[in-house]
Amino acid sequence: AEMDDGTELSLTIAQIVQRLKGSHLHSQIERQAKECLHQPEIKLESLKEDVQLPPSHPSAPPEHLKEPLAYMRKAQASWEKRVLKSLNSMSTELEVPLARMRPAVEQKELTNKWNEMGTDEPDLSRFRPVYAPKDFLEVLIGLRNPNHDSSEDVSIKSHWGLIQVPLNVRDIPQLRRAYSELNLTSGQLGIDDHAHIHPGIYQKFTYISFVVEQDSAAAQQYSRQGCPTGLRADLWALILNSTNQPQDVMHYEQLMAGVIQHDLLVDNLIYKDVKLTASNDDYYFVFEDFLYQVLLCFSRDTAVLEHFKYNSATPPRSYIQGETINLLWTGVIPFHGFSMYVAPLCFLYNEPSKLYSVFREMYIRYFFRLHSISSSPSGIVSLCLQFERLLQTHLPQLFYHLRQIGAQPLRIAFKWMVRGFSGYLSTDQLLLLWDRILGYDSLEVVAVLAAAVFAFRAENLMEVTSLASAEVGSCIIIMPIVLCGSFFKS
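The numbering scheme is per chain: residues are counted from 1 as the chain's sequence reads. It should be noted that, the model being predicted, local features are given only for residues of pLDDT at least 70 and side-chain atom pairs only at 80 or more, the latter also being counted only at that level, while totals for whole chains, interfaces and linings use all residues. To obtain the side-chain values, all non-hydrogen atoms of the structure were included, while hydrogens and water were left out.

The name given to the protein chain in an unreviewed UniProt entry is TBC1 domain family, member 19, and the organism recorded there is Dicentrarchus labrax.

This paragraph deals with the overall build of the protein chain. Here a strand is any run of E in DSSP of at least two residues, a helix any run of H or I of at least four, and the numbering for each starts at the N terminus. Within the protein chain, the secondary structure is distributed over 24 helices and four strands. Note on classification: 1.4 Å probe, protein chains only; a residue is buried when its accessible area is under 20% of the maximum for its type, exposed when over 50%, partly exposed between these limits. Relative to its 490 residues, the protein chain shows a buried fraction of 52%. Contact between two residues is taken to exist if any of their heavy atoms lie within 4.5 Å; hydrogens are not considered. In the protein chain, of all internal contacts separated by at least 6 residues, the share reaching a separation of at least 24 is 79%. Taken as a whole, the protein chain presents about 23700 Å² of accessible surface, with 54% of it coming from carbon and sulfur. The protein chains shown are the only cover counted for residues, whose accessible areas, like all others here, come from Shrake-Rupley with a 1.4 Å probe.

Here valine 381 is to be found in helix H18 (residues 380-394). On the basis of relative accessible area, valine 381 is assigned to the buried category, the value being 0%. A sequence separation of ten residues divides valine 381 from histidine 371, and the C-alpha atoms of the two residues are 9.4 Å apart. Ignoring anything within four residues of it in the chain, the contact list for valine 381 reads Met72, Leu140, Leu143, Ile163, Val165, Leu167, Ile373 and Ser374.

The subject of this paragraph is the packing of aromatic side chains. Side-chain rings of Phe, Tyr and Trp (the six-membered ring for Trp) are treated as a pair once their centres are within 6.5 Å; stacked means planes under 30 degrees apart, edge-to-face means over 60, and tilted covers the remaining angles. Considering all chains together, one arrives at 26 aromatic pairs under this definition. With centroids separated by 5.8 Å and ring planes inclined at 45°, the aromatic side chains of tyrosine 252 and tyrosine 356 adopt a geometry described as tilted. Of the two residues, tyrosine 252 sits in helix H13 (residues 246-261) while tyrosine 356 sits in helix H17 (residues 352-365), which places them 104 residues apart along the sequence. Here tyrosine 252 matches tyrosine 356 in class, with each residue buried. Centre to centre, the rings of phenylalanine 387 and phenylalanine 454 are 5.5 Å apart; their planes meet at 65°, and the pair counts as edge-to-face. Taken together, the positions of phenylalanine 387 in helix H18 and phenylalanine 454 in helix H22 (residues 444-456) put the pair 67 residues apart, joining distant regions of the chain. Take phenylalanine 387 and phenylalanine 454: they sit in the same class, and that class is buried. One aromatic cluster is present, built from ring pairs that chain together Trp79, Tyr131, Phe136, Phe298, Phe335, Phe338, Tyr341, Phe359, Tyr363, Phe367, Phe414 and Trp434.

Here the focus is the pattern of salt bridges. By salt bridge we mean one thing: a side-chain nitrogen of Lys or Arg within 4 Å of a carboxyl oxygen of Asp or Glu. For the coordinates displayed, the defined rule picks out 13 salt bridges. Among the ionic pairs, aspartate 267 bridges to arginine 102, the shortest N-O distance being 3.6 Å. Note that aspartate 267 is positioned in helix H14 (residues 265-276) and arginine 102 in the loop between strand E1 (99-101) and helix H6 (104-112), a separation of 165 residues in sequence. The class of aspartate 267 is buried, set by a relative accessible area of 3%. We classify arginine 102 as buried; its relative accessible area is 10%.

Side chains three or four residues apart in an α-helix point the same way, a direct result of the helix having 3.6 residues per turn. To estimate how far a helix should extend, the number of its residues minus one is multiplied by 1.5 Å. A rise of 1.5 Å per residue sets the reference length of H14, with its twelve residues, at 16 Å; its end C-alpha atoms lie 17 Å apart and thus fit the reference within 8%. Burial analysis of H14 places eleven of its twelve residues in the buried class, the great majority of the element.

We now examine the packing of H6 against H13. Interaxial angles span 0 to 180 degrees and are taken between N-to-C directions of axes, which are lines fitted to C-alpha atoms, for helices over the stretch in contact. Taken N-terminus to C-terminus, the directions of H6 and H13 make an angle of 135°; their axes are 8 Å apart at the nearest point. The orientation of H6 relative to H13 falls into the category oblique. Across from Gln107, Leu110 and Thr111 in H6, the residues of H13 making contact are Val259, Ile260 and Gln261. Here the contact of H6 with H13 is composed, by residue class, of three nonpolar, three polar and no charged. Roughly parallel means an angle under 35 degrees; roughly antiparallel, over 145; roughly perpendicular, 65 to 115; everything else is oblique. Any residue outside Ala, Val, Leu, Ile, Met, Phe, Trp, Tyr, Cys, Pro, Asp, Glu, Lys and Arg is labelled polar, Gly included; the first ten of those are nonpolar and the last four are charged.

On to the environment of proline 409. Among the structural elements, proline 409 can be located in helix H20 (residues 409-418). Judged by its relative accessible area of 0%, proline 409 is buried. Each C-alpha atom of the pair proline 409 and glutamate 388 lies 7.6 Å from the other, and the pair is 21 residues apart in sequence.

So, on to the side chain of aspartate 435. Take aspartate 435: it is sitting in helix H21 (residues 427-440). With residues near it in sequence (within four places) discarded, aspartate 435 still touches Ser223, Gly226, Cys227, Arg232 and Trp236.

This brings us to the side chain of threonine 427. Positionally, threonine 427 belongs in helix H21. Beyond its immediate sequence surroundings of up to four residues, threonine 427 is in contact with Tyr283, Tyr284 and Phe347.

Looking now at unusual backbone geometry. Positive phi outside glycine occurs at glutamate 95, with the angle close to 55°. If you check the backbone angles, phenylalanine 421 has positive phi at about 70° while not being a glycine. Along the chain, phenylalanine 421 falls in the loop between H20 and H21.

Here's what the structure looks like:
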């Protein structure tokens, strides 16, 4: 049966809303709407009458809005079930509840040491990360579209990679057009600082009007060629519509109170992850306290649940003695390396509430896509496929050689991509890469950089004879934007 006009309209509206959610236009509309509410002529009680809405019609099932492909929805649901089962097993084995109310004495202790949680040395030996990126990669390798017959593929090359799902990803000519500002003939901040620069770029430095005018779209466009160090924090906050208003500070303080009142099993996983990763990192160990504060608050931020309406992930619920206590927990289960999403932001923001609101926006726009299964062009499945396709097309001999010696390129690059290269690039270079993620509102550049690293090391890699000797991570000291730009040129 064909859909009637009303259902179709409803479906279209729902799709537009979904597309807008998390976009820069959405943040500007939101900002305008908030400003309108403060105008005396706008009355909340008559708002519904003032805005004439069409009669409501049945809309698309919410799960279809989250993710259009049924097999992707099924795979994500199955993965979530598996991870939650693992968390529940840990809770049972260790006799540690998923959530509990802290006794008053413990609450007071935590309040007193809130700013120096890093000095704590709890015994975490019993806790282990629920999963590591390599476990997640195995799930992605197993993905198949049941309706797709791979034998119909004309090119045998499509079978070279580990990712065997038919998604549309951009090739080099398309990427070149989409990322024209990454062309090395354009001025690139972080590369051309002391060299010849496109004359227009200096004029931007002297007076950046869009910061004053709060023009998020202009800030985003500017970010495509890199942000000056001194302006990056303001530019990113503007692009992300992260304003740090009194209500944002209050929201952060409420989350903090939530951490002090309740202890969650995932708190131990957060502690463990920070100790295993950021605390051992030369750049980030000094931010240990900040990382605990931000991640513990994030785990209680149920406002993040709103975001799950628009992506394929569905958070689990947290119960205390069988009762849901106001959904205490966002349901985001930290994996090994999760804290590295926050660590680089500590260089930009030293006020916890500001650091928190920027991280939360970065997470719900970008980072969640790196550890959930979806067909989004910025999702990890598409990024893996794009990485493999770029290598297969432009470096077929290298790809074939690595595959023959059992060193599938994706097994090497996956850990870089799943973290958005955090911990694999020096911080100044990583922030230049993240400038472009924000500038293009896409994670595609992560896949391009991963392929560019292999292109840069191709000569050496052709000589390796085993996976153990194919360690390419140490080479990522080269400027990522130079690598991406030169890859587009090839």
